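Examining the three-dimensional arrangement
So you can see what is in the structure, the chains are spelled out below.
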Amino acid sequence: MKRLLALVATLALATPVQAAQRTTLHVFAAASLVDAFDAIAKAFEKANPEVRVRIEYGGTQQLAAQIEQGAGADVFASADERWMAYLVGRGLVAGEPAVFAGNTLVFVTPRSNPGRVGGLRDAARSGVKVIVGAESVPVGAYTRLALAKLSQDPAFGEDFGRRVLRNVVSQEENVRALVSKLALGEADAGFAYRSDVMHGAARHLNAVELPANARIVARYPIAAVSGRQAALARRFIDFVRSPAGQELLARENFLRAP
Amino acid sequence: MKAVRVLAVLASALLALLLALPLAALFLRRPPGEILLRLADPLILDALRLSLVTSLAATAAVVALGLPAAYLLATRNFRGKRVVELLVQLPMVLPPTVSGFALLLALGRAGLAGRALEAFGITLPFTTLGVIVAQAFMAVPFFVLAARSGFEQVDVRYREAAATLRADEVRTALRVMLPLALPSLVAGATMACARALGEFGATITFAGNMPGLTQTMPLAVYLALQTDLDAAIALSVVLVALAVGLLAGVHAAGGVLLGAKTRRA
């Protein structure tokens, strides 16, 4: 009992001391950035031992809403320019947002192929279970944009987009949840980012790029959130855009910043 | 001693504030008329209808499956009873997302029992039936625990009296135990219904999110929070009202039934 009390006391004393020595930087990052930003945070902490980087991952739209409601973010890394513009419009962003990475939309099917989907065209076949991002989620908006472009392609037919959307069984709230459900084989097909089909998920998934005329390049902007640790936030953003940061992003299949 | 009493009152006041303030904020954010207008939004009506249908169905399923279990737990000792008790309580403490994920691994079409279900033509992920299963999974403890304690509180002498009148166990259970435990059963079912109505994590993980099909009120609130704050407020207000109504129902029904019982006794 005495030892337990001692342990508790040590922990209670140790934690604040450590916290006082290290400043914490709060980064809000799009769900698709999980692997890349985990690596970037580690590298940044190594280069700046006095800083601890805490990253909150989620659907971009959710993070933007949280920042708007006053969540304590220092840096916001968005999966599309729409939500960054949303926060800029509300005066919540310090300085000009910078695009730090790109990503392309891919058509994803489980390797077990339960829906016997041979290619993108099969996504419109009746009975195929398609999952997409909700319209407010960046990947969902990109998906609808791609479907609109594909519908202009005579090879797919003008009702292609409508037929695919009719096959949608779920509008997921972040891209990683969507990819996991595909990896489990619970849906037949879906649209995600090229960078999502990596690591563990890749073993269970097939991904193909969209045709050139429907190619979507997602642009990821990053910015400091107003009024909080601006200098440190700036330093982190510079690191993300530095050759070292760009290399870590490229390793996760992101495109270099245009 | 006086200091302790003051502290106790202070702590209670703080607790009341913690619970009441968020609710007040929800109701005060927009004028009531505006909130009412938003309720006619088809998106909200769809979610409301779906939520009512699924949570009632989930409650019915939980009562049908949970009543015998509650009775057996209250009246029998058997090998493995501890395990059953633990199992029944588990959904209450598990993170709902974990429950949803586990359901997906078990009952998803690629899951442990999913193939068997598929053979019967039953698909759960991304279907309304899946929503009902997720809600039922989460609501089980609320009914079974209440029903069990209701059965346990029935005085043994009633059962003995029935036995001396040569009533067999099934007859005793139905004619004596069930009516006497009724207030607890109703309260438990109502709590289960409230839990089903509020279920979010297991639902979105297991059944996905599709307006009209699997997007219940809590899911609609979550998504509206990211795009349409006023709709989120309207949905939240409806959910709070329903929850309050259900809780009031528990108390009223309990009181009425309890009163009837004591009069009869």
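Source: prediction; values computed, not measured.

1. Digging into the overall build of chain B
Across its full length, chain B carries 12 helices and 0 strands. Secondary structure elements of chain B, listed N to C terminal, follow the sequence α-α-α-α-α-α-α-α-α-α-α-α. Dimensions of chain B along its principal axes, counting C-alpha atoms only, are 65 × 65 × 35 Å. When the 265 residues of chain B are sorted by exposure, 38% land in the buried category.

2. Examining the interface of chain B and chain A
If you look at the interface, chain B gives 15 residues, while chain A gives 16 residues. Its residues placed into classes, the side of chain B that touches chain A shows 8 nonpolar, 6 polar and 1 charged.

3. Side note on the nonpolar core
If you look at the biggest cluster of nonpolar residues, it comprises 146 residues, and the most contacted ones within it are Val75 and Val108 of chain A together with Phe143 and Leu235 of chain B. The leading source of residues in this core is helix H7 (residues 128-152) of chain B, at 16 residues. Among the domains, domain 1 (2-102 + 220-256) and domain 2 (103-217) of chain A are the pair contributing at least three residues each to this core. When near neighbours in sequence (up to four residues on either side) are disregarded, Leu235 of chain B contacts Ile44, Ala47, Met217, Ala220, Val221 and Ala224 of chain B.

4. Focus: unusual backbone geometry
The backbone of Asn253 of chain A shows a phi angle near 75°, a positive value even though the residue is not glycine. Within the secondary structure, Asn253 of chain A is located in the loop between helix H10 (243-251) and strand S10 (255-256). Despite not being glycine, Phe126 of chain B has its phi angle at roughly 65°, a positive value. Within the secondary structure, Phe126 of chain B sits in the loop between helix H6 (114-119) and H7. Judged by the 25 C-beta atoms lying within 10 Å of it, Phe126 of chain B falls in the buried class.

5. Brief notes about the pairing of strand S9 (residues 217-225) of chain A
Residue and element names in this part refer to chain A. Across the 9 residues that make up S9, a large majority, 7, are buried. The pairing of strand S3 (residues 75-77) with S9 spans 3 bridges and is antiparallel. Following the sheet pairing, Val75 is matched in S9 by Ala224. Across 8 bridges, strand S4 (residues 93-110) lies against S9 in antiparallel orientation. In the strand pairing of S9, Val99 is matched with Pro221.

6. Some points on the domain arrangement of chain A
Residues and elements named next belong to chain A. Along its sequence, chain A is carved into domain 1 (2-102 + 220-256) and domain 2 (103-217). Listed per partner, the contact involves 19 residues of domain 1 and 17 residues of domain 2. Only helix H2 (34-47), helix H3 (60-68) and S4 provide two or more residues apiece to the side of domain 1 that touches domain 2. Grouping the constituent residues of the side of domain 1 that touches domain 2 by class yields 8 nonpolar, 7 polar and 4 charged.

7. Quick word on the packing of helix H4 (residues 81-93) of chain B against H7 of chain B
Residue and element names in this part refer to chain B. Following both chains from N to C, one finds H4 and H7 inclined at 120°, their axes separated by 7 Å at the closest point. Between H4 and H7, the angle falls in the class oblique. Crossing angle aside, the handedness with which H4 passes H7 is left-handed. Every residue of H7 that contacts H4 at Val88, Gln89, Pro91 and Met92 is listed here: Phe137, Met138, Val140, Pro141 and Val144.

8. Focus: the environment of Ala43 of chain A
Residues and elements named next belong to chain A. Residue position: Ala43 is located in helix H2. A tally of 17 C-beta atoms within 10 Å means that Ala43 is categorised as partly exposed. If sequence neighbours within four positions are ignored, Ala43 has contacts with Ala244 and Leu248.

9. Some remarks on H2 of chain A
Residues and elements named next belong to chain A. The first and last C-alpha atoms of H2 sit 20 Å apart over 14 residues, in line with the 20 Å expected at 1.5 Å per residue. Listed in full, the buried residues belonging to H2 are Ala36, Phe37, Ile40, Ala41 and Phe44. The arc that holds every buried residue of H2, seen down its axis, measures 130°, which confines them to one face. Those residues of H2 that are exposed and aimed more than 90 degrees away from the buried face are Lys42 and Lys46. Here the buried face of H2 lies against strand S1 (23-30), strand S2 (51-58), S3, helix H9 (230-241) and H10.

10. Details of the packing of helix H3 (residues 42-75) of chain B against helix H9 (residues 169-198) of chain B
All names here are of chain B. It is at 9 Å that the axes of H3 and H9 come closest, and there the two elements cross at 140°. Considered as vectors, H3 and H9 are oriented oblique to each other. Handedness of the H3/H9 crossing: right-handed. Seen from H3, the contacting residues are Ser51, Ser55, Leu56, Ala58, Thr59, Val62, Val63 and Tyr71; seen from H9, they are Ala173, Ala189, Ala192, Cys193, Ala196 and Leu197. Considering only residue class, the contact of H3 with H9 consists of 11 nonpolar, 3 polar and no charged.

11. Focus on the pairing of S1 of chain A
Residues and elements named next belong to chain A. Relative to S2, S1 is paired through 8 bridges, and the arrangement is parallel. Bridge assignment links Ala30 to a residue of S2, and that residue is Gly58. For the segment spanning S1, H2 and S2, crossover handedness is right-handed. Where S1 and S3 come together, 3 bridges link them in parallel fashion. Bridge pairing in S3 places Phe28 opposite Phe76.

12. Focus on the environment of Glu81 of chain A
Residue and element names in this part refer to chain A. Its place among the elements puts Glu81 in helix H4 (residues 81-89). C-beta crowding within 10 Å serves as the criterion here: with 16 such atoms nearby, Glu81 is assigned to the partly exposed category. With 29 residues separating them in the primary sequence, Glu81 and Pro110 have C-alpha atoms 30 Å apart. The contact partners of Glu81, leaving out residues within four places of it in the chain, are Arg219 and Pro221.

13. A few points about the confidence of the model for chain B
Residues and elements named next belong to chain B. With 95% of its residues at a pLDDT of 70 or more, chain B shows a mean pLDDT of 89. Across chain B, the secondary-structure element scoring lowest on mean pLDDT is helix H12 (residues 229-264), at 77, and the one scoring highest is H7, at 96. In the model output, the complex is listed with pTM 0.84 alongside ipTM 0.79.

About the cut-offs
- Residue numbering note: each chain is counted from 1, following its sequence as written.
- Whichever chain is written first becomes A and whichever ligand is written first becomes 1, with later ones labelled in order.
- Only residues with pLDDT of at least 70 get local features here, since the model is predicted, and only at 80 or more are side-chain atom pairs given and counted; chain-wide, interface and lining totals rely on the full set of residues.
- Here a helix means four or more residues in a row that DSSP labels H or I, a strand means two or more in a row labelled E, and each is numbered from the N terminus.
- Residues with at least 20 other C-beta atoms within 10 Å of their own are called buried, those with 12 or fewer are called exposed, and the rest are partly exposed. The C-beta atoms themselves are positioned from the backbone.
- Placing C-beta atoms from the backbone, we regard two residues as in contact once those atoms come within 7 Å.
- Lys, Arg, Asp and Glu make up the charged group, whereas Ala, Val, Leu, Ile, Met, Phe, Trp, Tyr, Cys and Pro make up the nonpolar group; the residues left over, Gly among them, are polar.
- To count as a nonpolar core, a set of buried Ala, Val, Leu, Ile, Met, Phe, Trp, Tyr and Cys residues must be joined through C-beta atoms within 7 Å.
- A domain assignment, automatic or from a database, supplies the domain bounds used here.
- A pair of strands counts as paired when DSSP detects no fewer than two bridges linking them.
- Think of each axis as a best-fit line through the C-alpha atoms, taken over the contacting stretch in the case of a helix, with angles from 0 to 180 degrees between the N-to-C directions.
- Angle categories are assigned with fixed cut-offs, so that under 35 degrees is roughly parallel, over 145 is roughly antiparallel, 65 to 115 is roughly perpendicular, and the rest are oblique.
- Definitions for this section: a left-handed crossing has its near helix turned counterclockwise from the far helix by less than a right angle. A right-handed crossing has that turn clockwise.
- One less than the number of residues in a helix, times 1.5 Å, gives the span that helix is expected to have.
- Here the arc refers to the set of directions running from the helix axis out to each C-beta atom.
- Orienting the strands away from the viewer, one traces the path from the first strand over the helix to the second; a clockwise path indicates a right-handed crossover.
- Per-residue confidence from the prediction method is given by pLDDT, with values spanning 0 to 100.

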